[in-house]
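Reading the structure
These are the residues of each chain, in order.
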Amino acid sequence: MTSREQWSAVDDYLVETAIRPDAASDRTRAATHKAGLPPIEVPAGQGKLMGLIAELAGARSVLEFGTLGGYSTQWFAAAVGSGGTVTTLEYEPRHAEVARANLDAAGLGDRVQIRVGAALDTVRELIDSGAGPFDVVFIDADKANNANYLDAALKLSRPGTVIIGDNVVRGGRVLDDSGTGADAADVAGIRAYLQRQGDDPRLDGTALQTVSGKGWDGFALAIVRDVEPGVTGAE
Ligand code: SAH
Ligand code: DHB
Ligand code: MG
(Lines give C-alpha, C1' and ligand atoms only; values in the text may rest on other atoms or scores of the structure.)
(Ligands and ions follow the chains in the order given, each with its own letter.)
Protein backbone atom coordinates (compact mmCIF):
# COMPACT_ATOMS: atom_id res chain seq x y z
CA MET A 1 0.00 0.00 0.00
CA THR A 2 1.17 3.51 -0.76
CA SER A 3 1.04 6.10 2.00
CA ARG A 4 -1.98 7.65 0.36
CA GLU A 5 -3.83 4.33 0.31
CA GLN A 6 -3.03 3.89 3.99
CA TRP A 7 -4.25 7.39 4.84
CA SER A 8 -7.42 6.69 2.90
CA ALA A 9 -7.99 3.33 4.63
CA VAL A 10 -7.47 4.87 8.06
CA ASP A 11 -9.86 7.70 7.12
CA ASP A 12 -12.48 5.10 6.14
CA TYR A 13 -11.96 3.34 9.47
CA LEU A 14 -12.31 6.57 11.45
CA VAL A 15 -15.45 7.46 9.49
CA GLU A 16 -17.00 4.07 10.29
CA THR A 17 -16.04 4.06 13.95
CA ALA A 18 -15.82 7.50 15.52
CA ILE A 19 -16.90 10.13 12.99
CA ARG A 20 -20.18 8.68 11.67
CA PRO A 21 -21.06 11.49 9.26
CA ASP A 22 -24.81 11.86 8.83
CA ALA A 23 -26.38 10.17 5.80
CA ALA A 24 -27.42 13.51 4.27
CA SER A 25 -23.80 14.68 4.07
CA ASP A 26 -22.81 11.39 2.42
CA ARG A 27 -25.60 11.92 -0.13
CA THR A 28 -24.31 15.41 -0.95
CA ARG A 29 -20.77 14.13 -1.45
CA ALA A 30 -22.01 11.31 -3.73
CA ALA A 31 -24.31 13.61 -5.72
CA THR A 32 -21.46 16.11 -6.18
CA HIS A 33 -19.22 13.40 -7.64
CA LYS A 34 -22.05 12.02 -9.77
CA ALA A 35 -22.64 15.49 -11.21
CA GLY A 36 -19.04 15.44 -12.43
CA LEU A 37 -17.72 18.20 -10.15
CA PRO A 38 -14.09 17.78 -9.04
CA PRO A 39 -13.82 15.52 -5.94
CA ILE A 40 -11.99 18.13 -3.87
CA GLU A 41 -14.44 18.74 -1.01
CA VAL A 42 -13.07 18.53 2.53
CA PRO A 43 -12.73 15.02 4.01
CA ALA A 44 -15.63 13.97 6.26
CA GLY A 45 -13.52 14.31 9.39
CA GLN A 46 -12.66 17.90 8.51
CA GLY A 47 -16.24 18.74 7.58
CA LYS A 48 -17.41 17.41 10.90
CA LEU A 49 -14.62 19.23 12.75
CA MET A 50 -15.64 22.53 11.17
CA GLY A 51 -19.28 21.89 12.07
CA LEU A 52 -18.24 21.18 15.65
CA ILE A 53 -16.12 24.34 15.74
CA ALA A 54 -19.11 26.36 14.52
CA GLU A 55 -21.27 24.75 17.18
CA LEU A 56 -18.67 25.32 19.92
CA ALA A 57 -18.48 28.96 18.85
CA GLY A 58 -22.27 29.21 19.04
CA ALA A 59 -22.24 30.35 15.43
CA ARG A 60 -25.43 31.67 13.85
CA SER A 61 -23.80 33.05 10.70
CA VAL A 62 -21.09 31.56 8.51
CA LEU A 63 -19.39 32.99 5.42
CA GLU A 64 -17.77 30.56 2.99
CA PHE A 65 -15.50 31.24 0.00
CA GLY A 66 -15.82 28.33 -2.50
CA THR A 67 -19.02 26.27 -2.47
CA LEU A 68 -18.38 23.48 -4.98
CA GLY A 69 -21.30 21.04 -4.48
CA GLY A 70 -22.15 22.35 -1.02
CA TYR A 71 -20.48 19.61 1.03
CA SER A 72 -18.67 21.85 3.54
CA THR A 73 -21.58 24.29 3.26
CA GLN A 74 -23.91 21.58 4.52
CA TRP A 75 -21.82 20.89 7.62
CA PHE A 76 -22.01 24.59 8.48
CA ALA A 77 -25.72 24.82 7.65
CA ALA A 78 -26.46 21.96 10.04
CA ALA A 79 -24.27 23.54 12.73
CA VAL A 80 -25.87 27.00 12.70
CA GLY A 81 -29.31 25.59 13.47
CA SER A 82 -32.72 26.57 12.19
CA GLY A 83 -32.32 30.31 12.89
CA GLY A 84 -28.85 30.46 11.37
CA THR A 85 -27.52 31.40 7.95
CA VAL A 86 -24.67 30.39 5.67
CA THR A 87 -23.56 32.75 2.90
CA THR A 88 -21.38 30.96 0.37
CA LEU A 89 -19.53 32.45 -2.60
CA GLU A 90 -19.03 30.47 -5.83
CA TYR A 91 -17.70 31.44 -9.25
CA GLU A 92 -19.08 28.55 -11.33
CA PRO A 93 -22.86 28.72 -11.95
CA ARG A 94 -22.92 24.94 -12.49
CA HIS A 95 -21.34 24.31 -9.07
CA ALA A 96 -23.86 26.66 -7.46
CA GLU A 97 -26.69 24.77 -9.17
CA VAL A 98 -25.48 21.40 -7.90
CA ALA A 99 -24.98 22.83 -4.40
CA ARG A 100 -28.46 24.36 -4.41
CA ALA A 101 -30.02 21.00 -5.31
CA ASN A 102 -27.95 19.18 -2.68
CA LEU A 103 -28.75 21.62 0.12
CA ASP A 104 -32.46 21.69 -0.75
CA ALA A 105 -32.53 17.87 -0.79
CA ALA A 106 -30.96 17.90 2.69
CA GLY A 107 -33.70 20.24 3.91
CA LEU A 108 -31.15 22.97 4.66
CA GLY A 109 -31.63 25.16 1.60
CA ASP A 110 -33.58 27.83 3.46
CA ARG A 111 -30.59 28.80 5.57
CA VAL A 112 -28.07 29.00 2.72
CA GLN A 113 -27.56 31.92 0.37
CA ILE A 114 -25.31 31.14 -2.61
CA ARG A 115 -23.80 34.19 -4.30
CA VAL A 116 -22.55 33.46 -7.81
CA GLY A 117 -19.59 35.40 -9.18
CA ALA A 118 -15.91 36.03 -8.51
CA ALA A 119 -15.62 36.01 -4.73
CA LEU A 120 -13.57 39.22 -4.73
CA ASP A 121 -16.60 40.96 -6.27
CA THR A 122 -19.34 39.27 -4.25
CA VAL A 123 -17.48 39.77 -0.97
CA ARG A 124 -17.01 43.45 -1.85
CA GLU A 125 -20.80 43.68 -2.32
CA LEU A 126 -21.29 42.10 1.11
CA ILE A 127 -18.93 44.62 2.71
CA ASP A 128 -20.53 47.58 0.90
CA SER A 129 -24.02 46.46 1.92
CA GLY A 130 -23.03 46.34 5.59
CA ALA A 131 -23.32 42.54 5.92
CA GLY A 132 -21.85 40.73 8.89
CA PRO A 133 -20.18 40.41 11.24
CA PHE A 134 -19.99 36.65 10.65
CA ASP A 135 -19.25 34.21 13.45
CA VAL A 136 -17.19 31.80 11.32
CA VAL A 137 -15.48 32.29 7.95
CA PHE A 138 -14.20 29.40 5.79
CA ILE A 139 -11.80 30.33 2.98
CA ASP A 140 -11.67 27.58 0.33
CA ALA A 141 -11.91 29.09 -3.19
CA ASP A 142 -9.04 29.98 -5.56
CA LYS A 143 -5.92 29.90 -3.41
CA ALA A 144 -4.16 32.70 -5.30
CA ASN A 145 -6.56 35.17 -3.69
CA ASN A 146 -6.30 33.73 -0.18
CA ALA A 147 -4.66 36.78 1.42
CA ASN A 148 -7.22 39.07 -0.26
CA TYR A 149 -10.01 36.90 1.09
CA LEU A 150 -8.47 37.08 4.55
CA ASP A 151 -8.45 40.89 4.34
CA ALA A 152 -12.10 40.87 3.29
CA ALA A 153 -12.98 38.39 6.05
CA LEU A 154 -11.47 40.73 8.64
CA LYS A 155 -13.80 43.49 7.42
CA LEU A 156 -16.74 41.14 8.05
CA SER A 157 -15.56 39.97 11.48
CA ARG A 158 -15.98 40.86 15.14
CA PRO A 159 -13.82 39.93 18.12
CA GLY A 160 -14.27 36.18 18.49
CA THR A 161 -14.90 35.43 14.81
CA VAL A 162 -13.18 32.20 13.75
CA ILE A 163 -11.43 32.19 10.36
CA ILE A 164 -10.45 28.85 8.80
CA GLY A 165 -8.31 28.58 5.65
CA ASP A 166 -8.17 25.28 3.75
CA ASN A 167 -5.35 23.64 1.77
CA VAL A 168 -2.41 25.43 3.32
CA VAL A 169 0.13 22.63 2.82
CA ARG A 170 -0.61 21.19 -0.64
CA GLY A 171 1.64 18.14 -0.47
CA GLY A 172 4.45 20.27 0.95
CA ARG A 173 4.44 22.69 -1.99
CA VAL A 174 3.80 25.50 0.51
CA LEU A 175 7.59 25.54 1.03
CA ASP A 176 8.28 26.30 -2.64
CA ASP A 177 8.78 30.06 -2.79
CA SER A 178 10.51 29.91 -6.20
CA GLY A 179 7.40 31.13 -7.99
CA THR A 180 7.90 28.61 -10.78
CA GLY A 181 5.74 25.55 -9.97
CA ALA A 182 2.56 24.57 -11.81
CA ASP A 183 0.47 26.16 -9.05
CA ALA A 184 2.89 28.99 -8.22
CA ALA A 185 0.12 31.59 -7.89
CA ASP A 186 -1.80 29.33 -5.51
CA VAL A 187 1.29 28.66 -3.40
CA ALA A 188 2.07 32.39 -3.29
CA GLY A 189 -1.50 33.07 -2.12
CA ILE A 190 -1.26 30.42 0.58
CA ARG A 191 2.10 31.72 1.81
CA ALA A 192 0.78 35.29 1.92
CA TYR A 193 -2.24 34.07 3.89
CA LEU A 194 -0.14 32.23 6.47
CA GLN A 195 2.25 35.16 6.82
CA ARG A 196 -0.68 37.57 7.24
CA GLN A 197 -2.28 35.36 9.88
CA GLY A 198 0.95 35.36 11.84
CA ASP A 199 1.79 39.05 11.35
CA ASP A 200 -1.61 40.67 11.89
CA PRO A 201 -2.09 41.54 15.56
CA ARG A 202 -5.86 41.16 15.10
CA LEU A 203 -5.38 37.44 14.40
CA ASP A 204 -4.19 34.67 16.70
CA GLY A 205 -4.13 31.22 15.21
CA THR A 206 -2.59 27.91 14.35
CA ALA A 207 -2.01 25.75 11.28
CA LEU A 208 -2.15 21.97 11.14
CA GLN A 209 -0.98 19.39 8.61
CA THR A 210 -3.44 16.68 7.62
CA VAL A 211 -3.33 13.43 5.65
CA SER A 212 -6.36 11.81 4.04
CA GLY A 213 -7.54 10.15 0.84
CA LYS A 214 -6.91 13.61 -0.70
CA GLY A 215 -3.22 13.35 0.21
CA TRP A 216 -1.06 15.57 2.40
CA ASP A 217 -2.51 18.98 3.12
CA GLY A 218 -3.58 21.15 6.06
CA PHE A 219 -5.65 24.03 7.29
CA ALA A 220 -5.17 27.21 9.28
CA LEU A 221 -7.50 28.39 12.02
CA ALA A 222 -7.47 31.77 13.72
CA ILE A 223 -9.58 33.76 16.11
CA VAL A 224 -10.07 37.49 15.67
CA ARG A 225 -8.85 39.28 18.83
CA ASP A 226 -10.52 42.41 20.13
CA VAL A 227 -7.40 44.23 21.21
CA GLU A 228 -4.11 44.80 19.47
CA PRO A 229 -1.26 43.68 21.71
CA GLY A 230 0.36 46.63 23.43
CA VAL A 231 -2.46 49.07 22.76
CA THR A 232 -4.42 48.54 25.96
CA GLY A 233 -1.63 47.19 28.13
CA ALA A 234 -3.51 43.91 28.33
CA GLU A 235 -0.53 41.88 27.08
N1 SAH B 1 -15.65 24.24 0.16
C2 SAH B 1 -15.93 23.12 -0.74
C3 SAH B 1 -14.83 22.93 -1.77
C4 SAH B 1 -14.53 24.16 -2.59
S5 SAH B 1 -13.52 23.77 -4.00
C6 SAH B 1 -16.04 21.85 0.11
O7 SAH B 1 -15.11 21.58 0.89
O8 SAH B 1 -17.03 21.12 -0.03
C9 SAH B 1 -13.18 25.39 -4.55
C10 SAH B 1 -14.37 26.11 -5.20
O11 SAH B 1 -14.01 27.47 -5.40
C12 SAH B 1 -14.76 25.56 -6.58
O13 SAH B 1 -16.13 25.27 -6.64
C14 SAH B 1 -14.43 26.70 -7.54
O15 SAH B 1 -15.31 26.81 -8.63
C16 SAH B 1 -14.55 27.90 -6.62
N17 SAH B 1 -13.83 29.08 -7.08
C18 SAH B 1 -12.69 29.14 -7.80
N19 SAH B 1 -12.34 30.40 -8.05
C20 SAH B 1 -13.28 31.19 -7.47
C21 SAH B 1 -13.49 32.59 -7.38
N22 SAH B 1 -12.65 33.46 -7.93
N23 SAH B 1 -14.57 33.03 -6.71
C24 SAH B 1 -15.42 32.16 -6.12
N25 SAH B 1 -15.28 30.82 -6.18
C26 SAH B 1 -14.23 30.35 -6.86
C1 DHB C 1 -7.89 21.11 -4.31
C2 DHB C 1 -8.30 20.73 -3.06
C3 DHB C 1 -9.11 21.55 -2.31
O4 DHB C 1 -9.53 21.19 -1.06
C5 DHB C 1 -9.54 22.75 -2.83
O6 DHB C 1 -10.33 23.50 -2.07
C7 DHB C 1 -9.15 23.14 -4.08
C8 DHB C 1 -8.33 22.31 -4.84
C9 DHB C 1 -7.02 20.24 -5.10
O10 DHB C 1 -6.65 19.18 -4.59
O11 DHB C 1 -6.69 20.60 -6.24
MG1 MG D 1 -10.35 22.91 0.05
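Refer to the preceding data block for the structure.
Everything in this summary refers to the structure shown in the same document. (Residues numbered from 1 in each chain as written. Chains lettered and ligands numbered in written order. Predicted model: local features only at pLDDT ≥ 70, side-chain atom pairs only at ≥ 80, totals over all residues. Heavy atoms only, no water.)

1. A closer look at the site of ligand 1
The condition is simple: For this purpose, a residue is taken to be near a molecule or strand whenever a single non-hydrogen atom of the residue falls within 4 Å of it. Pairing of N or O atoms within 3.5 Å defines a polar contact, subject to two protein rules: one partner must be a possible hydrogen donor and the other a possible acceptor, and residues neighboring in sequence count only if both atoms are side-chain atoms. Note on areas: Shrake-Rupley with a 1.4 Å probe; residue coverage comes only from the protein chains shown.
Close to ligand 1 lie 22 residues, the nearest being G66, S72, E90, H95 and D140. In the model, a nitrogen atom of ligand 1 is placed 2.8 Å from a nitrogen or oxygen of the G66 main chain. Between ligand 1 and E90 there is a distance of 2.6 Å, counted from an oxygen atom to a side-chain nitrogen or oxygen. Protein contact buries 88% of the 590 Å² of open area that ligand 1 shows by itself.

2. Some thoughts on the coordination of the magnesium ion (ligand 3)
How we decide: Because water is not among the atoms used, a metal site may look incomplete, as its donors are only the N, O and S atoms within 2.8 Å, or 3.2 Å for Na, K and Ca. Put simply, DSSP marks the helices as runs of H or I at least four residues long and the strands as runs of E at least two long, and each gets a number from the N terminus on. The classification of residues rests on relative accessible area computed with a 1.4 Å probe and restricted to protein chains. Under 20% of the type maximum is buried, over 50% is exposed, and intermediate values are partly exposed.
Note on the magnesium ion (ligand 3): its protein donors are D140 (OD), D166 (OD) and N167 (OD1). The metal-donor distances range over 2.0 to 2.2 Å. Taken in sequence order, the residues that donate to the magnesium ion (ligand 3) follow the motif D-x25-D-N. Residue D140 is located in the loop between strand 4 (136-139) and helix 7 (146-155), and its partner D166 is located in strand 5 (residues 162-166); the two are separated by 26 residues in the primary sequence. For the pair D140 and D166, one class covers both residues: buried.

3. Notes on the nonpolar core
General note: in soluble globular proteins, nonpolar side chains tend to be found buried as a group. Condition: For our purposes a nonpolar core is just a set of buried Ala, Val, Leu, Ile, Met, Phe, Trp, Tyr and Cys residues, chained together by side-chain atoms within 4.5 Å. Contact between two residues is taken to exist if any of their heavy atoms lie within 4.5 Å; hydrogens are not considered.
Ranked by internal contacts, the top residues of the largest apolar core, which has 26 residues, are L63, F65, V137, I139 and I163. For this core, the secondary structure elements donating two or more residues are strand 1 (61-65), helix 6 (119-128), strand 4, helix 7, helix 8 (184-199) and strand 7 (215-224). It is helix 7 that provides the largest number of residues to this core, a total of 5 residues. In contact with I163, not counting residues within four places along its chain, are V137, I139, L150, A153, L154, S157, Y193, L203, A220, L221, A222 and V224.

4. Observations regarding the packing of aromatic side chains
Our working rule: Stacked, tilted and edge-to-face are the three classes assigned to paired rings of Phe, Tyr and Trp, where Trp is represented by its six-membered ring and a pair needs centres within 6.5 Å; plane angles under 30 degrees give stacked, over 60 edge-to-face, the rest tilted. Here, a charge over a ring is recorded when the distance from Lys NZ or Arg CZ to the ring centre is within 6 Å and its angle to the ring normal is within 35 degrees.
Counted under the stated rule, the structure contains 3 aromatic pairs. Relative to F138, the ring of F76 lies with its centre 5.8 Å away and its plane at 55°, an arrangement referred to as tilted. You can see F76 sitting in helix 4 (residues 71-80) and its partner F138 sitting in strand 4, a full 62 residues away along the chain. Exposure class is identical for F76 and F138. Each is buried. The ring of Y71 carries R29 above its face, with NZ or CZ at 4.2 Å from the centroid.

5. A look at the sheet that holds strand 6 (residues 203-212)
The criterion, for reference: Here, strands pair whenever DSSP counts at least two bridges between them. A fitted line through C-alpha atoms serves as each axis, taken over the contacting stretch for helices, and the angle formed by two N-to-C directions is quoted from 0 to 180°.
Ordered by their spatial adjacency, 7 strands build an open sheet running 3-2-1-4-5-7-6, and the pairing between neighbours is mixed. Sheet topology places strand 3 (112-116) and strand 6 at the edges, where each strand pairs with a single neighbour. When strand polarity is set aside, the average angle formed by the axes of neighbouring strands in this sheet is 15°. The sheet contact formed by strand 4 and strand 5 spans 4 bridges and is parallel. Opposite I139, over in strand 5, you have G165 as the bridge partner. Its contacts with the sheet put helix 6 on strand 1, strand 2 (85-90) and strand 3, and the angle it makes with strand 2 is roughly 145°.

6. Regarding helix 4
Among the 10 residues that make up helix 4, 9 are buried, leaving the element largely enclosed by the rest of the structure. Residues Y71, S72, T73, Q74, W75, F76, A77, A79 and V80 constitute the buried set of helix 4.

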